[in-house]
Amino acid sequence: MSFRTHFCGTLSQADDGSQVTLAGWVDVRRDLGGLIFIELRDHTGRIQLVSDPHQTPDVHDVFETLRNEYVIQVKGKVRTRPEGTQNRELRSGAVEVVPSSVIVLNKATNLPLQLEDFEQADEAFRLKYRFLDLRREEMQNNIRIRHKITQAIREYLVQQGYLEIETPILTRSTPEGARDYLVPSRTQTGKFFALPQSPQLFKQLLMISGFEKYFQVARCFRDEDLRADRQPEFTQIDIEQSFATVDSVINMAEGLVKSAFEAVDKEITLPISRMSYTEAMNRFGSDKPDLRFGLELIDFSEIMENSGFEAFAKIAKQGGSVRGICVPKTANWSRKEFDDLRSLAMKPEFGAKGLAWISYKAEGEVSPIAKFFKADELAAIKQKAKAESEDTIFFVADKPDIVYQVLGRLRLYLANKLGLIDSKLDKLVWIVDWPLLEKDPETGAVHFANHPFTSVKPEDAHLLDIEPESAKALAYDIVYNGVELGGGSIRNHQEEIQRKAFHLLGMNDEEAEAKFGFLLQALSMGAPPHGGIALGLDRLVMMLAGATSLRQVIAFPKVQSASCLLTNAPSEVDNNQLRELGLKINKK
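Numbers given for residues are sequential positions, taken from 1 along each chain in its written order. This being a predicted model, a pLDDT of at least 70 is required before a residue's local features are given, and a value of 80 or more before pairs of side-chain atoms are given or counted; all residues contribute to the totals for chains, interfaces and linings. The basis for every side-chain value is the complete set of non-hydrogen atoms in the structure, without hydrogens or water.

Student: Please provide a residue-by-residue account of the overall build of the protein, values included.
Tutor: Numbering of helices and strands starts at the N terminus; helices are DSSP runs of H or I of at least 4 residues and strands are runs of E of at least 2. When you go through the protein residue by residue, the secondary structure sums to 17 helices and 22 strands. Across its three principal directions, the C-alpha atoms of the protein cover 95 × 75 × 55 Å. Accessible area is worked out with a 1.4 Å probe on protein chains only. A residue is then buried under 20% of its type maximum, exposed over 50%, and partly exposed in between. Within the protein, buried positions represent 47% of all 588 residues. By the convention used here, residues are in contact when the closest approach between their heavy atoms is within 4.5 Å. In the protein, once contacts between residues fewer than 6 apart in sequence are set aside, the share between residues at least 24 apart is 67%.

Below you can see the structure in the form of structure tokens.
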């Protein structure tokens, strides 16, 4: 027996007069005191069913018992809906089905909330009843968009000659910056597997194995604090190619991104522009700049160094930075608005020690700090900022990294507050020429800006012995409307260079062998030059679907505490399981 011959959303006037069998959920029930109308829903859409008690009393008796989300099967005849009653919002809105029989396959009792009310419900509630939330049209569309994008990417990569190869989920712990999720071994007491943060080492080994072009829709795991754009388990499009250059990887990735956009009927123009990391920080205060609006950073350090404003002059003379942004139509803000912005800038997540400003009104400059400057200095500041009447320049003075952080975040905040962002624009950019290394400002410890398998730019290789923090990497990130979609690099393919990278991290040969001996051995046996990229599928889908959180485009996501509200995971396990693993819980 087949449950259906047709799908609800596919019926049209071409089916007028046909006998059909349908199965799905009761979406809407309307009792007009005689006729009863049901909108039946399946994964393709909805179709109207109509029951007349005088024509099919048995069917009508069942229709009277139906409620929303009952699962039913109906058999009946398709007919064109009367003139003036057709529903143009439905693909099947020109026709309806008159059932000759109906079977209730399952009832839906004790619904915690009707589906139409889920959109307004608290997110925790929606996640607890995710199987109901996912029935909603918005969520169905998001998951379908995810499927379409994933398939478009797969097809593109296969056409480009890439092989889809799976890599292990149970592997060894080789921390790459975040905490590993550890899995205890039952057969080897006291030893642990780790869930992969990425397939990085395995995809490099595949290049050494001679496959040359690899990709994987890879599940990855990181035990880190969550934000709206982070999940403990996530999916990335992982790609690697042998004999790679920065240009060859970027060109491939641009075609991939174009195919993803086309899957949701969006167009982008190739090639995508490139911007150095240094330029991005200087202009936008961010390594993932949103290019849909201006408000670029302005460097006032040279002017301030010799100015009469001692607070700024001192910072500029000591190698700090004094920068600002010129914001239009803000000179007439209230005093409270200015104070609120300063308070925001001084919050820990922004990091400013203070915020100064000069406003340009019709009667002249209005500013708490204007009195400290000479007339020619004020003129130079205005000229540098290209400020006009009703504009305000906001200043931050501190160490360069703090100035970038504060102004980069203020730039985004003000653009949203003032409505400067055109949501219809799609702005993509490659950020290239990244620093190879970064120094922790508090501890002084050196770490790789990307990861320790990233190659230095050949022309900067000599700097690793004399000034390693000045060396640039063969690394690249792709940014879409201020969101990092992914990144990659050309890898170290020679053993001695990879060892040197580990040395820069303070790792001696013995430690390097213990953690990465298998990789070093493989690199010594004919490893080709290679490189690749990983794109966050969840994030890409979120952007293209117009969602505001990753949780809207993942079927069963986790919440901020890295827990699943649907299944109540993680959960405690019984003592027998712990004993088998040789574990004992010491509660905090």
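Student: Explain helix α6 (residues 246-263) to me, and be specific about the residues and the numbers.
Tutor: Between the first and last C-alpha of α6 there are 26 Å, a value that for 18 residues agrees with the 26 Å anticipated at 1.5 Å per step. Judged by how many residues are buried, α6 sits mostly within the fold: 13 of 18 residues are covered. Following α6 by one or two positions, Asp265 has its phi on the positive side, about 65°. Each helix should span, by expectation, one fewer than its residue count multiplied by 1.5 Å.

Student: Talk me through the sheet that holds strand β2 (residues 36-42); I want residue IDs and the actual numbers.
Tutor: In spatial order, the strands read β1-β2-β3-β5-β4; together these five strands close into a barrel with mixed pairing. Direction aside, neighbouring strands of the sheet carry axes that sit 55° apart on average. Pairing analysis gives six bridges linking strand β1 (residues 19-31) to β2, with the strands arranged antiparallel. Residue pairing in the sheet places Val28 in a bridge with Glu39 of β2. Under this scheme, a helix contributes an axis fitted over its contacting stretch, all axes are lines through C-alpha atoms, and angles between N-to-C directions fall in the 0 to 180 degree range. Where helix α1 (residues 57-65) meets the sheet, its contacts fall on β1, β2, β3 (45-51) and β5 (95-106), and the angle it forms with β5 comes to roughly 65°. When DSSP finds two or more bridges between a pair of strands, those strands are recorded as paired.

Student: Residue-level account of the packing of helix α14 (residues 495-504) against helix α15 (residues 509-523), with values.
Tutor: Where α14 meets α15, the axes come as close as 10 Å, and the angle between the chain directions of the two elements is 155°. As the angle between them shows, α14 and α15 are arranged roughly antiparallel. For α14 against α15, the interelement crossing comes out right-handed. Along the contact surface, α14 presents Glu495, Gln498, Arg499, Phe502 and His503, while α15 presents Asp509, Ala512, Glu513, Phe516, Leu520 and Leu523. Side-chain classes are defined by residue name, with Ala, Val, Leu, Ile, Met, Phe, Trp, Tyr, Cys and Pro counting as nonpolar, Asp, Glu, Lys and Arg as charged, and the others, Gly among them, as polar. The class makeup of the residues in the contact of α14 with α15 is five nonpolar, two polar and four charged. Relative orientations are named as follows: roughly parallel for angles under 35 degrees, roughly antiparallel for angles over 145 degrees, roughly perpendicular for angles from 65 to 115 degrees, and oblique for any other angle. Handedness of each helix crossing follows the sense of rotation of the near helix against the far helix: counterclockwise by less than a right angle gives left-handed, clockwise gives right-handed.

Student: Provide a residue-level description of a nonpolar patch on the surface, including the pertinent values.
Tutor: Together, Phe3, Ile103 and Leu105 give the surface a local cluster of nonpolar side chains, amounting to about 270 Å² of exposed area. Among the structural elements, Ile103 can be located in strand β5. Residues enter a patch when their relative accessible area is above 30% and they make no salt bridge; the linking distance is 9 Å between like charges and 5 Å between nonpolar side chains (Val, Leu, Ile, Met, Phe, Trp, Tyr). The protein chains shown are the only cover counted for residues, whose accessible areas, like all others here, come from Shrake-Rupley with a 1.4 Å probe. Salt bridge criterion: a side-chain nitrogen from Lys or Arg within 4 Å of a carboxyl oxygen from Asp or Glu.

Student: An account of the side chain of His60 is requested, with residue identities and associated values reported.
Tutor: On the secondary structure map, His60 appears in helix α1. The buried category is assigned to His60, whose relative accessible area is 5%. Each polar contact in these results corresponds to two N or O atoms within 3.5 Å; when the atoms are within protein, one needs to be able to donate a hydrogen and the other to accept it, and residues that are neighboring in sequence are counted only if both atoms are side-chain atoms. A polar contact of 2.9 Å, which involves the side chain of His60, links it to the side chain of Ser51. Contact partners of His60, with chain neighbours within four places excluded, come to Gly34, Leu35, Ile36, Ser51, Asp52 and Pro53.

Student: Can you break down the pairing of strand β4 (residues 71-80) residue by residue, with the values?
Tutor: Relative to β4, β1 runs antiparallel, the two sharing seven bridges. Across the sheet, Gly24 pairs through a bridge with Ile72, a residue of β4.

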